Amino acid sequence: MPEARLHRVSSLRTLAVAFCVTAFLLSGAHAAKKEKAAPAKTAAVSKKARGAAPVEVKRNAASSKVAKRGGREDKADKVVRGGRNVVATLQKKNGKTVVAVQRRSVVRVEAPPRQSFGQMAGLHTTDDALELKSSVALVVDQDTHEVLFSKNDHAVLPIASLTKLMTGLLISEAKLPNEELITITQDDVDTEKRSSSRLTVGTTLTRGELLHLALMSSENRAAHALGRTYPGGLSTFVSIMNAKARMLGMKDTRYVEPTGLSSRNQSSAQDLALLVNAAYADATVRSLSTSPEYQVEVGRRTLQFNTTNRLVKSPDWDIGVQKTGYISEAGQCLVMQARVAGRKLIMVFLDSAGKFSRIADAERVRRWVEATHAVPGSPAASRAVAYQIAG
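Residues numbered from 1 in each chain as written. Predicted model: local features only at pLDDT ≥ 70, side-chain atom pairs only at ≥ 80, totals over all residues. Heavy atoms only, no water.

Draft legend 1. The arrangement of the overall build of the chain in detail. A tally of helices and strands in the chain yields ten helices and 16 strands. In the chain, which comprises 391 residues, the share counted as buried stands at 43%. Partitioning the intrachain contacts of the chain with sequence separation of at least 6 by distance along the chain shows that 57% fall at a separation of at least 24. For the chain, the accessible area works out to roughly 22100 Å², and carbon and sulfur atoms hold 54% of it. (Helix = DSSP H or I, 4+ residues; strand = E, 2+ residues; numbered from the N terminus. Buried < 20%, exposed > 50% of the residue type's maximum accessible area, 1.4 Å probe, protein only. Contact = heavy atoms within 4.5 Å. Areas by Shrake-Rupley, 256 points an atom, 1.4 Å probe, with all protein chains shown as cover.)

Next comes the structure, spelled out in structure tokens:
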């Protein structure tokens, strides 16, 4: 009997010891697991607080160094990086955790600009005597049809808002009532390039006012509203645009809408020279495209619009008709009819790199024509002769 009792006591003691050992091992494993998961948890919390910014937790190199202050040990435990410009240092000081946050300056690197069709085709590698920034250029004497300068003039490229010159020409030739009121609708809002406009949905102007804004200030909603309200609707108007191009001999030209926001509106310098010549023959297009500024009344407000071509206001230029254009696929574009050195010239500049480069290219051409192709007896020719004698 005592022996059986001793056996039961021994068994109970064995179970107790096993239980204690198991509890100790489990608590140790749990603690190790918790310590291992702590960095991941910190990273998850930081990520949640800062959105998608990555959080990196590293051991500070200084954590291996112990500084004694006031007889106690202070140790830098961790360095936490929140995103690219925030660094937090966690330290133990006097038994407390101190967090020091430091923000670093951020250098923003912009994405490279989108290449134009001309750049992708390698047209900008073409050298020319005038070192123009435009990859396509053409200068033609309007009276004699003599080509004074050409560069990639057969290349077919997007033409951006040069499209509006055809839009304006067709609206003018249609002899529609200029005083008819047209309201800007949601259909006129640009959904392709998301470009802005001061003509909000609901704005009502006359057809004549919209035509003025489209040709002078390159107003996209104005041009679209003109095409939309053309007899037969927008599709009919686009069909007439292409028919007119064929009639003028513009074999490389295609239009899909009246504003130029679509890169599928394409043409060549030679074709555009034909369009400029036709537009110059229309008195309304000549007058409106070379207007320096214009005001329209919208409700109780007066909106001031200005030309997109600063050469119109320059005393050095005598411009008969003009139009500018830009979308990223087309680059900076400019077409003009201008009197230079006694000549009536048609100038076409496509796919120019840089905001002001198309204007600079036109200035280069003007000075070059004055120096080398001036009509005898013209003021420019006299200046050129005087310069040669002085030299």
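After that view, the rundown keeps rolling.
Draft legend 2. Quick look at the sheet that holds strand 6 (residues 134-141). In spatial order, the strands read 7-6-16-15-14; together these five strands make up an open sheet with antiparallel pairing. If you trace the sheet from one side to the other, it starts and ends with strand 7 (147-151) and strand 14 (319-327), each paired once. Between one strand and the next, the sheet's axes are offset by a mean angle of 10°, whatever the strand orientation. Judged from the seven bridges that link them, strand 6 and strand 16 (residues 343-352) form a sheet pairing that is antiparallel. Note on strand 16: the bridge partner recorded for Val 136 is Leu 350. Each of strand 6, strand 14, strand 15 (331-340) and strand 16 touches helix 7 (residues 269-280); the most contacted strand, strand 16, lies at about 135° to it. (Pairing = 2+ DSSP bridges. Axes fitted to C-alpha atoms, helices over the stretch in contact; angles between N-to-C directions.)

Draft legend 3. Main features of the packing of aromatic side chains. Enumeration according to the criterion identifies two aromatic pairs in this entry. The ring of Phe 305 has Arg 198 sitting right over it, with the charged end atom 4.5 Å from the ring centre. The ring of Tyr 280 carries the charged tip of Arg 286 above its face, separated from the ring centre by 5.3 Å. (Phe/Tyr/Trp six-rings, centres within 6.5 Å; stacked < 30°, edge-to-face > 60°. Lys NZ or Arg CZ within 6 Å of the ring centre and 35° of its normal.)

Draft legend 4. Main features of the packing of helix 3 (residues 163-174) against helix 6 (residues 234-247). Viewed as axis vectors pointing N to C, helix 3 and helix 6 meet at an angle of 100°, and their least axial separation amounts to 10 Å. The orientation of helix 3 relative to helix 6 falls into the category roughly perpendicular. Facing Thr 163, Met 166, Thr 167, Leu 169, Leu 170, Ile 171 and Glu 173 of helix 3, the residues of helix 6 in contact are Phe 237, Ile 240, Met 241, Lys 244 and Ala 245. When its residues are assigned to classes, the contact of helix 3 with helix 6 shows eight nonpolar, two polar and two charged. (Parallel < 35°, antiparallel > 145°, perpendicular 65-115°, else oblique. Nonpolar A, V, L, I, M, F, W, Y, C, P; charged D, E, K, R; others polar.)

Draft legend 5. Fine view of helix 3. Between its terminal C-alpha atoms helix 3 stretches 17 Å, which fits the 16 Å expected from twelve residues at 1.5 Å a residue. Most of helix 3 sits inside the fold, with ten of its twelve residues counted as buried. Those residues of helix 3 that fall on the buried side of the exposure criterion are Thr 163, Lys 164, Leu 165, Met 166, Thr 167, Gly 168, Leu 169, Leu 170, Ile 171 and Ser 172. (Expected span 1.5 Å × (residues − 1).)

Draft legend 6. A look at the pattern of salt bridges. Evaluation of the coordinates by the stated rule reveals 13 salt bridges. Linking Arg 343 and Glu 146 is a salt bridge whose minimum nitrogen-to-oxygen distance equals 3.7 Å. In this pair, Arg 343 is assigned in strand 16 and Glu 146 in the loop between strand 6 and strand 7, connecting sequence segments 197 residues apart. Its relative accessible area of 15% is what places Arg 343 among the buried residues. (Salt bridge = Lys/Arg side-chain N within 4 Å of Asp/Glu carboxyl O.)

Draft legend 7. How the structure looks around the pairing of strand 12 (residues 293-298). Direction of pairing for strand 12 relative to strand 13 (residues 301-306): antiparallel, over a ladder of six bridges. Directly across from Glu 297, in strand 13, lies its bridge partner Thr 302.

Draft legend 8. Fine view of the confidence of the model for the chain. Of the residues in the chain, 71% have a pLDDT of 70 or more, and the chain-wide mean is 83. Confidence drops under pLDDT 50 across residues 1-6; counting only partners more than four residues distant or on other chains, this segment forms zero contacts. Contacts from residues 40-71, a stretch scored under 50 in pLDDT, to residues over four places away or in other chains number 39 contacts. (pLDDT = per-residue confidence, 0-100.)

Draft legend 9. Inspection of the nonpolar core at higher detail. Membership of the largest hydrophobic core comes to 56 residues, with the highest contact counts inside it found for Leu 165 and Leu 210. A per-element tally of this core places helix 7 first, with seven residues. Setting aside anything within four residues of it in sequence, one finds Leu 165 in contact with Leu 215, Leu 275, Val 276, Ala 279, Val 285, Val 321, Gln 322, Lys 323 and Val 335. The next biggest cluster of nonpolar side chains, apart from the first, holds 23 residues, and it includes Leu 130, Ala 137, Leu 311 and Val 340. (Core = buried A, V, L, I, M, F, W, Y, C linked by side-chain atoms within 4.5 Å.)

Draft legend 10. Layout of the layout of surface pockets. Space inside the largest pocket adds up to approximately 570 Å³. What lines the largest pocket is a set of 26 residues, and nearest its centre among them are Ser 217, Ser 218, Thr 308, Thr 324 and Tyr 326. Put simply, the parts of the chain that give the lining of the largest pocket at least two residues each are strand 14 and helix 9 (357-372). Of the residues forming the lining of the largest pocket, the biggest block, four residues, is contributed by strand 14. Partitioned by chemical class, the residues of the lining of the largest pocket number seven nonpolar, 13 polar and six charged. (1 Å grid on protein atoms, 1.4 Å probe; cavity = no way out; pocket = protein on both sides within 12 Å on 5 of 7 lines; lining within 4 Å. Points joined across faces, edges and corners; volume = space filled by probe spheres on them.)

Draft legend 11. Quick look at helix 4 (residues 207-216). Where burial is concerned, most of helix 4 is hidden: ten out of the ten residues are buried. Buried residues of helix 4: Arg 207, Gly 208, Glu 209, Leu 210, Leu 211, His 212, Leu 213, Ala 214, Leu 215 and Met 216, and no others. Of the residues trailing helix 4, Ser 218 is marked for its positive phi of about 55°.

Draft legend 12. The arrangement of the environment of His 124 in detail. Within the secondary structure, His 124 sits in the loop between helix 2 (117-120) and strand 6. With ten residues separating them along the chain, His 124 and Ser 134 place their C-alpha atoms 7.5 Å apart. When neighbours within four sequence positions are excluded, His 124 is seen to be in contact with Ser 116, Gly 118, Gln 119, Lys 133, Ser 135, Asp 351 and Ala 353.

Draft legend 13. Spotlight on the side chain of Lys 164. Looking at the element boundaries, Lys 164 is found in helix 3. For the buried Lys 164, which has no salt bridge, the nearest side chain bearing the opposite charge is Glu 257, at an N-O separation of 7.3 Å. Polar contacts involving the side chain of Lys 164 include one to the side chain of Ser 161, which spans 2.6 Å. Within polar-contact distance, the side chain of Lys 164 engages the backbone oxygen of Thr 259 at 2.9 Å. Excluding residues within four positions of it along the chain, Lys 164 makes contact with Ala 214, Leu 215, Ser 218, Glu 219, Asn 220, Ala 223, Pro 258, Thr 259 and Lys 323. (Lys, Arg positive; Asp, Glu negative; His and termini not counted. Polar contact = N/O pair within 3.5 Å; in protein donor to acceptor, adjacent residues only side chain to side chain.)

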